Amino acid sequence: MAHLYPEGQQRLPFTMWSKRPSIVIAKTYLKLAPAFPPRHWTAPKALERARMEYDDEIAGGFLKWFPGVKLSGMSVFDVGSGYGGRAARYRELGAHRVVGLEIFPRMVDESRAFAQYKELTNMQFNVGEGEDLPLADDTFDVITSYDVFEHVHDLDKVFDECIRVLKPGGRLLAIFPPFYHPGGSHLESWLSKMPWPNFFFGRETLISAVQEIMHERNDGYEPHPMRPRDKLWTLNGATIRSVNAMIHRRKLRSVRIELAPLFSTMNEKWARWKMRYYAPFFRPLRHIPLLNELFVHRIVLDITK
């Protein structure tokens, strides 16, 4: 993949870039807690990522956010179905039919292979984009989406497409982090574990700092190409405010928007970080406009058409 630079910015020698104080500060901050791509990204074993998703869903995964939801007999559409592990679990839980959608053929290939490995029928995986679903109107009882809505190119279009393919009375269940969540930059998976870098630094400064660090590492890893509307790599910049505005512009039967607190038992780091000792002090922040952008763990949507 080619190196990516902010729109309109020419590639400059890295020695010149490093003289810009804002970039030097950003690099220093990011390097305080470096992160590197996990092995299952760079050298995955056969069906490894599908199994990881499946095991996570066995442990609760996505459906733990919606304890009253029963999939038995339902037609389910999983938007951003990853490597098919969760979709396979939905089928095992009694879903009559499960359809998954991903933009990368290699992910769809692994999804199909995992469904075959699990000997599951009535499962279908398609390559495509959520902005233009290759599906008929009023098709599904339930649509699921786990940590995907922050990645789609045009969230408004994806949301409308989801509503279009839902049956009347069907439910859209989605979970995703707001852009200014501590890890909302998604750099913690492959470059830096430092929180809120996209809050502390401007877009162009952060992109330049990340590019310099990647150049220094020279380990061959590159993020996916940045699209025209992206705020950062594969991130559309969706915030609590923008999501609320998007939903309230539409006529829907019922809407439930929950702002999950940053420190709660739903956070996988709850025990490891001993969150029970300080979680109560931060929980009220999810109700304060602007501050909640920084202290909400996930936006949880339960929409009925």
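This write-up is about the structure you can find in this document. (Residues numbered from 1 in each chain as written. Predicted model: local features only at pLDDT ≥ 70, side-chain atom pairs only at ≥ 80, totals over all residues. Heavy atoms only, no water.)

Quick look at the overall build of the protein chain
What counts here: Put simply, DSSP H or I for four residues or longer makes a helix, DSSP E for two residues or longer makes a strand, and each gets a number counted from the N terminus. For the radius of gyration, the atoms used are the C-alpha atoms, and the globule rule reads 2.2 Å times the number of residues raised to 0.38. Burial classes follow relative accessibility: with a 1.4 Å probe on protein chains only, a residue under 20% of its type's maximum area counts as buried, one over 50% as exposed, and anything between as partly exposed. We call two residues in contact when some of their heavy atoms are within 4.5 Å. Here, Shrake-Rupley sampling with a 1.4 Å probe gives the accessible areas, and only protein chains in the shown set may cover a residue. By the counting rule applied here, Lys and Arg register as positive and Asp and Glu as negative, while His and the ends of each chain are not counted. One atom stands in for each charge, and that atom is NZ of Lys, CZ of Arg, CG of Asp or CD of Glu.
Counting its secondary structure elements, the protein chain contains 12 helices and 7 strands. Taking 2.2 N^0.38 as the reference for a compact globule, 305 residues should give roughly 19 Å; the C-alpha atoms of the protein chain span a radius of gyration of 20 Å, in line with that estimate. Its C-alpha atoms give the protein chain principal-axis dimensions of roughly 60 × 45 × 40 Å. The 305 residues of the protein chain split such that 52% are buried. Partitioning the contacts of the protein chain with sequence separation of at least 6, the portion at a separation of at least 24 is 75%. Summing over all exposed atoms, the protein chain offers an accessible surface of approximately 15100 Å²; the carbon and sulfur share of this is 56%. Each charge sign in the protein chain was given a centre, from 42 positive and 35 negative side chains, and these centres are 5 Å apart.

Quick look at the nonpolar core
One broad rule of soluble globular proteins: the nonpolar side chains tend to lie buried together. Our working definition: Working definition of a nonpolar core: buried Ala, Val, Leu, Ile, Met, Phe, Trp, Tyr and Cys residues. They are joined through side-chain atoms within 4.5 Å.
Membership of the largest hydrophobic core comes to 32 residues, with the highest contact counts inside it found for F77, I143, F149, L172 and L301. Contributing elements (two or more residues each) for this core: β1 (75-79), β2 (97-102), β4 (140-146), α7 (155-165), β5 (166-176), α10 (240-248) and β7 (296-304). Formed by 28 residues, the second largest nonpolar core is a distinct cluster that contains W65, V108, M123 and V300.

Focus on the environment of M266
One can find M266 in the loop between β6 (254-261) and α11 (279-282). The class of M266 is partly exposed, set by a relative accessible area of 24%. Each C-alpha atom of the pair M266 and D141 lies 26 Å from the other, and the pair is 125 residues apart in sequence. Those residues in contact with M266 that sit more than four places away from it in its chain are K64, W65 and H297.

Observations regarding the environment of S22
In this fold, S22 is placed in helix α2 (residues 21-30). The class for S22 is partly exposed, based on a relative accessible area of 30%. As a C-alpha pair, S22 and T205 span 183 residues in sequence and 6.5 Å in three-dimensional space. With residues near it in sequence (within four places) discarded, S22 still touches F201 and T205.

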